[in-house]
Amino acid sequence: MYSSFEYYTPTKMIFGKGAEDRAGEMVKAYGATKVLIHYGGGSAVRSGLLGRVEKSLEDAGIAYTTLGGVVPNPHLDKVYEGIELSRREGVDFILAVGGGSVIDSSKAIALGLANPEDDVWDYYIRKKTTDKAFPIGCILTIAAAGSEMSNGSVITNEKNGLKRDFGGECLRSKFSLLDPELTMTLPEYQTSSGAADILMHTMERFFNRCDNMEITDAISIGLMRTVMKYTKILVDHPDDYSARAELMWAGSLSHNDLTGCGCEGGDWATHNMEHEMGGMFDVAHGAGLAAIWGSWARYVHHAAPDRFVKFAVEVMGVTPGADDEETIEKGIQAMEAFYHEIHMPTSMKELGIAPTPEQIAFMAQSCEDKAGGANGQVVPLKKEDMIKIYNMAL
Ligand code: NZQ
Ligand code: ZN
């Protein structure tokens with residue numbers, strides 16, 4: 001039986017070659033008079049995308065200002081800079097041109113503009129909340145975080161290394177323009193890291209303590225199998241349009257809550273534990289997830305054996321073993337083999353980090369503090385559990 005749920009996904013999605021050329025028309029349709037075009041470290045400049053977006057706005061008669069320099073695991077200081085610039089320039093709409101980091105930075109700026117009396121960081125550390133934000137739109141350049149359809153934003157406070165998220169319906173993008181061709185300039189590592197994140201957004205929801213959910217499970221299983229199939233193709237054929245398209249659409253569907261309908265939200269312990277790693281070591285988010293997922297799965301699988309068996313057989317396609325325990329381990333190993341096939345890590349060593357016992361204890365404590373208690377649905381993990389999982393993943 002499904003648990004009760006609300007499903008709300010109001011973002012207008014425009015998908016296909018040249019979608020980005022509709023930027024001007026779209027911001028105009030949503031009432032923008034002055035736009036902040038927000039972008040990252042330079043890929044959008046190098047590819048010529050930024051210039052085309054500017055032209056599209058000019059053609060539509062829309063004024064704009066620009067702010068680049070968003071880093072992966074986006075920083076709070078850039079958010080403050082964006083808020084200040086936008087206030088000075090009278091910006092009333094933010095257009096994110098980039099990946100999850102740029103979109104999340106845009107969402108944080110949107111919060112700041114709508115709530116001039118507050119420090120935006122207070123929302124991320126749960127000191128305050130709000131349901132107001134300026135409107136944003138997205139031009140997506142990497143299939144990964146799903147922020148183009150999600151209600152969340154994740155920001156790192158570079159002063160203390162804390163990476164924190166804030167969610168609310170006011171953070172749903174008004175529109176997102178998805179042109180799979182834009183993702184063809186991605187380095188292989190980023191494509192694979194993005195795929196690992198897309199998979200994990202569905203896996204976090206798939207691993208739960210709820211009853212059978214046939215349609216939600218069928219959508220989830222189809223999504224995960226599709227992502228694995230086409231990511232493997234992209235390792236050797238990065239310019240394969242169909243593979244890019246499958247991954248891009250899967251990225252949005254994986255994190256717009258569709259695969260979470262009926263499962264009480266899902267687990268999310270792997271994500272929460274990875275965010276600590278991102279804040280402390282600045283690793284690519286999807287790669288960080290791949291590095292610790294197997295350890296999480298081995299630690300918690302006993303609490304939801306049916307879900308793990310279903311995952312092994314129906315997602316990973318393994319032949320069942322002599323008992324559930326063997327089938328589950330085969331499923332976890334098959335996922336780790338997939339990560340290796342797409343050159344993703346399955347341990348922190350492979351990820352390139354070596355946290356000390358003190359750093360592990362800090363991350364586990366910070367993770368517990370953030371949740372205000374235990375993390376996860378399959379097994380609610382306390383600090384001591386998370387320390388064990390981090391150590392298993394070394
Ligand atoms: O900055 P540029 O030069 O653009 O380079 C970026 C960056 O180095 C590059 N890139 C992006 N598109 C490119 C490209 N390079 C060449 N060609 C292109 N077309 O890729 C690198 C990674 O970009 P980033 O935006 O950081 O990637 P991603 O989309 O994976 O976003 C990761 C961030 O999103 C957060 C993560 O924690 C992380 O901070 N998440 C946000 C979520 C949300 N808001 O709903 C949910 C996720 O679980 C996640 O936590
Ligand atoms: Zn993620």
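Our structure's up above, just so we're on the same page.
The following refers to the structure shown. Not measured: the values here are computed from a predicted model.

1. Structural notes on helix 7 (residues 188-206)
Here helix 7 is 19 residues long and its end C-alpha atoms lie 27 Å apart, about the 27 Å a rise of 1.5 Å per residue gives. The element helix 7 is largely enclosed, with a buried count of 16 among its 19 residues.

2. So, the coordination of the zinc ion (ligand 2)
Where a metal carries four tetrahedral donors, each ideal angle is 109.5 degrees; where it carries six octahedral donors, the ideal angles are 90 or 180 degrees. For the zinc ion (ligand 2), the full set of protein donor atoms is Asp197 (OD), His201 (NE2), His271 (NE2) and His285 (NE2), at a range of 2.0 to 2.2 Å. Counting the intervening residues between successive donors of the zinc ion (ligand 2) yields the motif D-x3-H-x69-H-x13-H. Here the residue histidine 201 occupies a position in helix 7, and histidine 285 occupies one in helix 11 (residues 285-300), the gap between them amounting to 84 residues. Note on accessibility: histidine 201 and histidine 285 belong to one class, buried.

3. Regarding the sheet that holds strand 2 (residues 34-39)
An order of 1-8-5-4-2-3 is seen for the 6 strands of this open sheet, with the pairing classed as parallel. Two strands lie at the open edges of the sheet, namely strand 1 (12-15) and strand 3 (63-67), each paired on one side alone. Each strand of the sheet is rotated relative to its neighbour by a mean of 20°, with strand direction disregarded. Sheet analysis places strand 2 next to strand 4 (residues 93-98), joined by 5 bridges and oriented parallel. Note that in strand 4 the partner of valine 35 across the bridge is phenylalanine 93. Helix 3 (residues 49-59) rests against strand 2, strand 3, strand 4 and strand 5 (136-140) of the sheet, and its axis sits at about 170° to strand 2. The sheet contacts of helix 9 (residues 241-254) involve strand 1, strand 5 and strand 8 (175-178), and relative to strand 1 the element is tilted by about 175°.

4. Overview of helix 10 (residues 269-281)
A rise of 1.5 Å per residue sets the reference length of helix 10, with its 13 residues, at 18 Å; its end C-alpha atoms lie 18 Å apart and thus fit the reference within 8%. All of the buried residues in helix 10 are Ala269, Thr270, His271, Asn272, Met273, Glu274, His275, Glu276, Met277, Gly278 and Gly279. Residue aspartate 282 follows helix 10 closely and has a positive phi angle near 55°.

5. Here's the deal with a negative patch on the surface
A cluster of like negative charges, contributed by Asp306, Asp323, Asp324, Glu325 and Glu326, occupies part of the molecular surface. Mapped onto the elements, glutamate 325 comes out in helix 13 (residues 324-341).

6. Brief notes about the pairing of strand 6 (residues 152-157)
With respect to burial, strand 6 is a largely interior element, 6 of its 6 residues being buried. Judged by which residues are buried, strand 6 turns out to be covered on both faces: Gly152, Val154 and Thr156 on one side and Ser153, Ile155 and Asn157 on the other are all buried. Strand direction decides the pairing type here: strand 6 and strand 7 (residues 162-167), joined by 6 bridges, are antiparallel. Note on strand 7: the bridge partner recorded for isoleucine 155 is arginine 164.

7. Some points on the packing of helix 7 against helix 9
Where helix 7 contacts helix 9, the axes come no closer than 9 Å and their chain directions differ by 40°. When the axes of helix 7 and helix 9 are compared, the pair comes out oblique. Regarding helix 7 and helix 9, the two cross each other, and that crossing is left-handed. When helix 7 is examined against helix 9, the residues Thr191, Ala195, Ile198, His201, Thr202 and Arg205 are found in contact with a partner set consisting of Arg244, Leu247, Ala250, Gly251 and Ser254.

8. A word on the side chain of serine 254
Following the sequence through the fold, serine 254 ends up in helix 9. The exposure class assigned to serine 254 is buried, which follows from its relative accessible area of 0%. Of note is the side chain of serine 254, whose polar atom sits 2.7 Å from the side chain of threonine 202. Other than its neighbours up to four places away in sequence, serine 254 contacts Ile198, His201, Thr202, Arg205, Leu223 and Thr259.

9. Things to note about the pattern of salt bridges
Throughout the structure, instances matching the rule amount to 20 salt bridges. The partner of aspartate 217 in a salt bridge is lysine 310, and the shortest N-O contact between them spans 2.9 Å. Of this pair, aspartate 217 sits in helix 8 (residues 214-236) while lysine 310 sits in helix 12 (residues 305-315), and the two are 93 residues apart along the sequence. One exposure class covers both aspartate 217 and lysine 310, and it is buried. Here glutamate 336 and arginine 298 are joined by a salt bridge, their closest N and O atoms 3.1 Å apart. Linking glutamate 336 in helix 13 with arginine 298 in helix 11, this pair joins segments that are 38 residues apart in sequence. According to the relative accessible area criterion, arginine 298 is partly exposed, its value standing at 29%. Here the salt bridges do not stand alone but share partners, grouping Glu169, Arg172, Arg205 and Asp257 into one network.

10. Here we look at the nonpolar core
Within soluble globular proteins, side chains that are nonpolar generally end up buried alongside one another. Core analysis: the biggest nonpolar cluster contains 96 residues, and Met203, Trp293, Trp296, Phe311, Met335 and Tyr339 have the highest contact counts within it. Top element by residues in this core is helix 11. It accounts for 9 residues. When near neighbours in sequence (up to four residues on either side) are disregarded, methionine 335 contacts Leu199, Met203, Met228, Trp293, Phe311 and Met316. If you look at the next biggest cluster of nonpolar residues, it comprises 23 residues, including Ala19, Leu50, Phe93 and Leu177.

What counts and how
Sequence order as written defines the numbering, with residues in each chain counted from 1. Here every chain gets a letter starting at A, and every ligand a number starting at 1, in the order they are written. Selection of residues for local features in this predicted model requires a pLDDT of at least 70, selection of side-chain atom pairs for listing and counting requires 80 or more, and totals for whole chains, interfaces and linings are taken over all residues. Heavy atoms from the whole structure form the basis of all side-chain values; hydrogens and water molecules are not counted. In this text, helices come from DSSP runs of H or I with a minimum length of four residues, and strands from runs of E with a minimum of two, each type numbered from the N-terminal end. Each residue after the first adds 1.5 Å to the expected span of a helix. Remark: exposure states derive from per-residue accessible area (1.4 Å probe, protein chains only) relative to the maximum for the residue type, with buried under 20%, exposed over 50%, and partly exposed in between. Distances define the donors: N, O and S atoms within 2.8 Å of the metal qualify, as do those within 3.2 Å of Na, K or Ca. Water is excluded, so some sites may look unfinished. Paired strands, as defined in this entry, are two strands with at least two bridges between them according to DSSP. Axis definition: a line fit to C-alpha positions, over the contact stretch in the case of helices; interaxial angles, taken between N-to-C directions, run 0 to 180 degrees. Any two residues whose heavy atoms approach within 4.5 Å are treated as being in contact. The patches reported here contain residues having more than 30% relative accessible area and no salt bridge. Joining distances are 9 Å for like charges and 5 Å for nonpolar side chains (Val, Leu, Ile, Met, Phe, Trp, Tyr). Per-residue and other accessible areas were derived by the Shrake-Rupley procedure at a 1.4 Å probe size, with only the shown protein chains allowed to occlude residues. What counts as a salt bridge is simple: a side-chain nitrogen of Lys or Arg found within 4 Å of a carboxyl oxygen of Asp or Glu. Here Asp and Glu are counted as negative and Lys and Arg as positive; His is not counted, and neither are the chain ends. Throughout, a charge is located at the NZ atom of Lys, the CZ atom of Arg, the CG atom of Asp or the CD atom of Glu. Roughly parallel here means an angle under 35 degrees, roughly antiparallel means over 145, roughly perpendicular means 65 to 115, and every remaining angle is called oblique. Each helix crossing is assigned a hand: it is left-handed if the near helix lies turned anticlockwise from the far helix by less than a right angle, otherwise right-handed if that turn is clockwise. In the analysis that follows, any N or O atom pair within 3.5 Å is treated as a polar contact, provided that within protein one partner can donate a hydrogen and the other can accept it, and provided that, for residues neighboring in sequence, both atoms belong to side chains. Nonpolar core, defined: a set of buried Ala, Val, Leu, Ile, Met, Phe, Trp, Tyr and Cys residues in which side-chain atoms within 4.5 Å join the residues together.

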